[in-house]
Amino acid sequence: VQLVESGGGLVQAGGSLRLSCEASGSDFSVYGLGWFRQTPGKEREFVAAISGSGRSTHYTDSAKGRFIISRDNDKNTVYLQMNSLKPEDTAVYYCAATTQTVLVLPNYYQYWGQGTQVTVSS
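This one's a predicted model, so the numbers in the text were calculated from it and none came from an experiment.

**A short note on the pairing of strand 11 (residues 116-121)**
Logical step 1: By the alternation rule, side chains of strand 11 split into Thr116, Val118 and Val120, which are all buried, and Gln117, Thr119 and Ser121, of which none is buried.
Logical step 2: The pairing of strand 2 (residues 9-12) with strand 11 spans 4 bridges and is classified as parallel. Across the sheet, residue Leu10 finds its bridge partner in strand 11, namely Thr119.
Logical step 3: With 3 bridges connecting them, strand 9 (residues 91-98) and strand 11 associate as antiparallel partners. What sits directly across from Tyr93, in strand 11, is Thr116.

If you want it as structure tokens, here you go:
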């Protein structure tokens, strides 16, 4: 599985961005999908995840109420709608895919995209 993110950029605090991650390959619906982010000198941290069916979602506390993860299995794409962005959301955002049932830990993901930069100015 190859994953390609898009949609990052520069936005003012309070603004919105929608990240997309398109996957190649077949059987897209068998993969749980997650969004993680990383800033220099820090470990990659979990942001949001969605099960293969899309019926189950998970969010880190800082993302709850502001971010929405969704997927379109017909388009092999997962999305992260980010609203009310804050400067502390600035990071490189990665999407990842896993066949495991644990969705919130990066070590359980087998496939990763190259990342997309999100910068939120104050």
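There's plenty left to go through after this.
**Overview of the pairing of strand 5 (residues 45-50)**
Logical step 1: For strand 5, the tally of buried residues reaches 5 of 6 residues, placing the bulk of the element in the interior.
Logical step 2: Note that strand 4 (residues 32-38) and strand 5 share 5 bridges and pair antiparallel. Directly across from Arg37, in strand 5, lies its bridge partner Glu45.
Logical step 3: Between strand 4 and strand 5, which pair antiparallel and follow one another directly, the connecting turn spans 6 residues, one of which, Gly41, has a positive phi of 80°.
Logical step 4: Looking at chain direction, strand 5 and strand 6 (residues 57-59) are connected through 3 bridges and run antiparallel. Across the sheet, the residue bridging to Ile50 is Thr57, located in strand 6.
Logical step 5: Hairpin geometry of strand 5 and strand 6 is characterised by an intervening segment of 6 residues between the two adjacent antiparallel strands and by a positive phi of about 90° at Gly54.

Cut-offs applied
Residues numbered from 1 in each chain as written. Predicted model: local features only at pLDDT ≥ 70, side-chain atom pairs only at ≥ 80, totals over all residues. Heavy atoms only, no water. Buried < 20%, exposed > 50% of the residue type's maximum accessible area, 1.4 Å probe, protein only. Helix = DSSP H or I, 4+ residues; strand = E, 2+ residues; numbered from the N terminus. Pairing = 2+ DSSP bridges.

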